[in-house]
Amino acid sequence: MALASLFARSRRTASSSFIRSSRQLLHSTPNKNGDVSSISAQKGRRRIPNWWSRSLVPLAIAAASAASFAVLNQSYPSASQSSALASEGVKVGGKGSTELVVKGEYKEVPKELITVLKTILQDNLTTDYEERYFHGKPQNSFHKSVNIPDVVVFPRSEEEVSKILKSCNKYKVPIVPYGGATSIEGHTLAPKGGVCIDMSLMKRVKALHVEDMDVVVEPGIGWQELNEQLEQYGLFFPLDPGPGATIGGMCATRCSGSLAVRYGTMRDNVISLKVVLPNGDVVKTASRARKSSAGYDLTRLIIGSEGTLGVITEVTLRLQKIPQHSVVAVCNFPTVKDAADVAIATMMSGIQVSRVELLDEVLIRALNMANGKNLKEVPTLMFEFIGTEAYAREQTQIVQEIASKHNGSDFVFAEEAEAKKELWKIRKEALWACYAMAPGHEAMSTDVCVPLSHLGELISRSKKELDASPLLCAVVAHAGDGNFHTCIMFDPNNEEQRKEAERLNNLMVHSALSMDGTCTGEHGVGTGKMKYLEKEHGIEALQTMKKIKKALDPNDIMNPAKLIPPHVCY
């Protein structure tokens, strides 16, 4: 088996969205049903990125090697074989659900549809089992499904996407959109089999309007790749979720990142979209005007819809000027409550920070172990201040004074480019550090968000339970906007550990909802958070969502069994 395939079988070896073979052609590979397909290296598993190879990949590979070979010796059911597992008709994600594996009613994709898709896509299609399995198994998520896609397609144009959806709608075959594969809550699972539509070949920058500070892109381009191209113009796109995330997927999950405290979320940074509806119609949601009061806001309807209403084929993004100067500061605290209080006080002071990140002592310990660092293992706040050199330094001094009033210590800051890059690299490697600290374990990575004034209470309440748990639990928060994350490591083969991880997840979510917060600030719903939506929104709101879904997707082919709980009807 190719080395790339071995990597793809174990998410602990690398970030999923980059594990594609760049060296060989995957061809004439029979799948479990005896079919043969061809697929080029450009449409194979994604490459490991430079940022990963420079940092944690050696340690992560070593930590996970035993798990990797154990996975290779397992046998996995094909889509047709696994359909028997779904015969009980159990639906996952409804109110009170604690099921781990998402089940669904499987129907074999008609051979007539495969023929039609081959006519549309030529060689940009595969029924290869390894490729279908790779696309049907979330690489950074513990969520699983009994089925995998029957076919994976790689469109190159909006026209091809339209033809694909129209054909699938005719045969009532499910479609699962697939972007960077960095989502957390099971968004790319294929519980009913069907067609996985991988958008990785649609990654062009179609138009850049420097004077208007906007850019028109296809959905498959990654935010990091886009910013590399924008840098020469002194512009950047300010959202920074996990490495490898694509613009289309970021729209679908309504993501944000560490810079959201200053620049807002995806909802605030998308000007317009083009979307292909299930019947093949192509809809442009708005013009390039920065504001409009003309009609329903279809742009915001699609953002956060998680592929349940259509497939995004074009995105017009709002850009920002690269800051003239920035300062990154780090400060230690005796408790997470003290750190959260400083974050709140900083925001209340009116200082325009661009980042406020909180890391607990468990995460700092994991980062020390993973990177050979010697950071003080206590709750830590990381800040970024931008503006002119004088203004950024003035902000830094004010926050240092605020921190000193809340038991802050060891306040240090950096202005040199390499030093700042090294500090933020620590934050971005949080998840991989946890994997390295707990080899052979899964990560239940969950997030909630509350009004800022409740963040200290939420973190304190949750931290007390997390520290008392036998599981390894690390905390990181976008503390400037009340978004709180926990990485709970558990052995997937130990049912007691899985139940304990789920208990802690439940505790966090219900605590956040009791504070008028949300079950997810930026990860999205997928299959993992559906069971909390009725408590958060009420049944009437969910019924309204269901009506919208039914109106646009009457055959329920778009990413079925996601977002809207199965018990909701109208």
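- Going by what an unreviewed UniProt entry lists, the protein chain is known as D-lactate dehydrogenase (cytochrome) and is assigned to Brassica oleracea var. oleracea.
- Looking at the protein chain in UniProt, the text filed under Sequence similarities (unreviewed entry) is "Belongs to the FAD-binding oxidoreductase/transferase type 4 family."
- Quoted verbatim from the Cofactor (unreviewed entry) field of UniProt, the annotation for the protein chain is "FAD".

**Thoughts on the sheet that holds strand E20 (residues 442-449)**
Now for step 1: With antiparallel pairing, the 7 strands of this open sheet are ordered in space as E19-E16-E18-E17-E21-E22-E20. What marks the edges here is a single partner per strand, and that holds for strand E19 (409-414) and E20. Across this sheet, the average inter-strand angle for adjacent strands is 15 degrees, counted without regard to direction.
Now for step 2: Each of strand E17 (353-359) and strand E18 (380-387) is contacted by helix H13 (residues 336-348), which is oriented at about 170 degrees to E17, the strand it contacts most.
Now for step 3: Against the sheet, helix H15 (residues 389-404) makes contact with strand E16 (325-332), E18 and E19, and its axis sits at roughly 155 degrees relative to E18, the strand it touches most.

**Structural notes on helix H7 (residues 158-171)**
Now for step 1: Taking 1.5 Å as the rise per residue, H7 with 14 residues should run 20 Å; its terminal C-alpha atoms sit 20 Å apart, in good agreement.
Now for step 2: For H7, the set of buried residues is Glu160, Val161, Ser162, Ile164, Leu165, Ser167, Cys168 and Asn169.
Now for step 3: Once H7 finishes, Lys172 follows within two positions and takes phi at roughly 55 degrees, a positive value.

**Examining the nonpolar core**
Now for step 1: Leu358, Leu381, Phe383, Phe385, Ile459 and Phe484 are the most contacted members of the largest nonpolar core, which has 53 residues in total.
Now for step 2: Among all residues touching Phe385, those that are not within four sequence positions of it are His325, Ser326, Val327, Ala329, Ile351, Val353, Ser354, Ala392, Gln395, Thr396 and Val399.
Now for step 3: Within the second largest apolar cluster, 26 residues are counted, among which are Ile221, Leu230, Leu235 and Ile312.

**As for the sheet that holds strand E12 (residues 270-276)**
Paired through their backbone hydrogen bonds, the strands of a sheet run either parallel or antiparallel.
Now for step 1: Pairing within the open sheet is antiparallel, and its 5 strands lie in the order E9-E10-E14-E12-E13. For this open sheet the edge positions go to strand E9 (205-209) and strand E13 (282-284), each flanked by a neighbour on one side alone. For this sheet, the mean angle separating the axes of adjacent strands, direction not counted, is 10 degrees.
Now for step 2: With respect to the sheet, H7 is in contact with E12, E13 and strand E14 (311-318), its orientation differing from that of E12 by roughly 50 degrees.
Now for step 3: Each of E9, strand E10 (214-217) and E14 touches helix H8 (residues 223-230); the most contacted strand, E9, lies at about 45 degrees to it.

**Here's the deal with unusual backbone geometry**
Now for step 1: Of note in the backbone geometry, Asp516 takes a positive phi value of approximately 65 degrees without being a glycine.
Now for step 2: Counting through the fold element by element, Asp516 comes out in the loop between helix H19 (495-514) and helix H20 (533-537).
Now for step 3: With a phi angle near 70 degrees, Leu563 is a residue other than glycine that sits in the positive phi range.
Now for step 4: Summarising the element assignment, Leu563 is placed in the segment after helix H21 (539-552).
Now for step 5: Under the relative-accessibility criterion, Leu563 is labelled buried at 14%.

**Details of H8**
Now for step 1: Of the positions making up H8, those classed as buried are Trp223, Leu226, Asn227 and Leu230. In a view along the axis of H8, the buried residues occupy a sector of 95 degrees, so they form one face of it.
Now for step 2: Contacts made by the buried residues of H8 are with E9, E10, strand E11 (235-236), helix H9 (247-253) and E14.

**So, the packing of helix H5 (residues 111-121) against H7**
Helix packing for two helices is described by the angle between their axes and how far apart those axes are.
Now for step 1: Packing of H5 against H7 leaves a shortest axis separation of 10 Å and a crossing angle of 170 degrees. Classified by the interaxial angle, the pair formed by H5 and H7 is roughly antiparallel. The segment H5 lies against H7, with Glu112, Leu113, Val116, Leu117, Ile120 and Leu121 engaging Glu160, Lys163, Ile164, Ser167, Cys168 and Tyr171.
Now for step 2: Here the contact of H5 with H7 is built from residues that sort into 8 nonpolar, 1 polar and 3 charged.

**Considerations on the side chain of Asp214**
Now for step 1: In this structure, Asp214 sits in strand E10.
Now for step 2: Separated by 2.6 Å, the side chains of Asp214 and His209 make a polar contact.
Now for step 3: Ignoring anything within four residues of it in the chain, the contact list for Asp214 reads Leu208, His209, Ile271, Arg288, Arg290, Thr316, Leu317 and Leu319.

Calculation rules
- Residues numbered from 1 in each chain as written.
- Predicted model: local features only at pLDDT ≥ 70, side-chain atom pairs only at ≥ 80, totals over all residues.
- Heavy atoms only, no water.
- UniProt positions renumbered as here; feature names shortened; annotations may be inferred.
- Pairing = 2+ DSSP bridges.
- Helix = DSSP H or I, 4+ residues; strand = E, 2+ residues; numbered from the N terminus.
- Axes fitted to C-alpha atoms, helices over the stretch in contact; angles between N-to-C directions.
- Contact = heavy atoms within 4.5 Å.
- Expected span 1.5 Å × (residues − 1).
- Buried < 20%, exposed > 50% of the residue type's maximum accessible area, 1.4 Å probe, protein only.
- Core = buried A, V, L, I, M, F, W, Y, C linked by side-chain atoms within 4.5 Å.
- Arc of directions from axis to C-beta.
- Parallel < 35°, antiparallel > 145°, perpendicular 65-115°, else oblique.
- Nonpolar A, V, L, I, M, F, W, Y, C, P; charged D, E, K, R; others polar.
- Polar contact = N/O pair within 3.5 Å; in protein donor to acceptor, adjacent residues only side chain to side chain.

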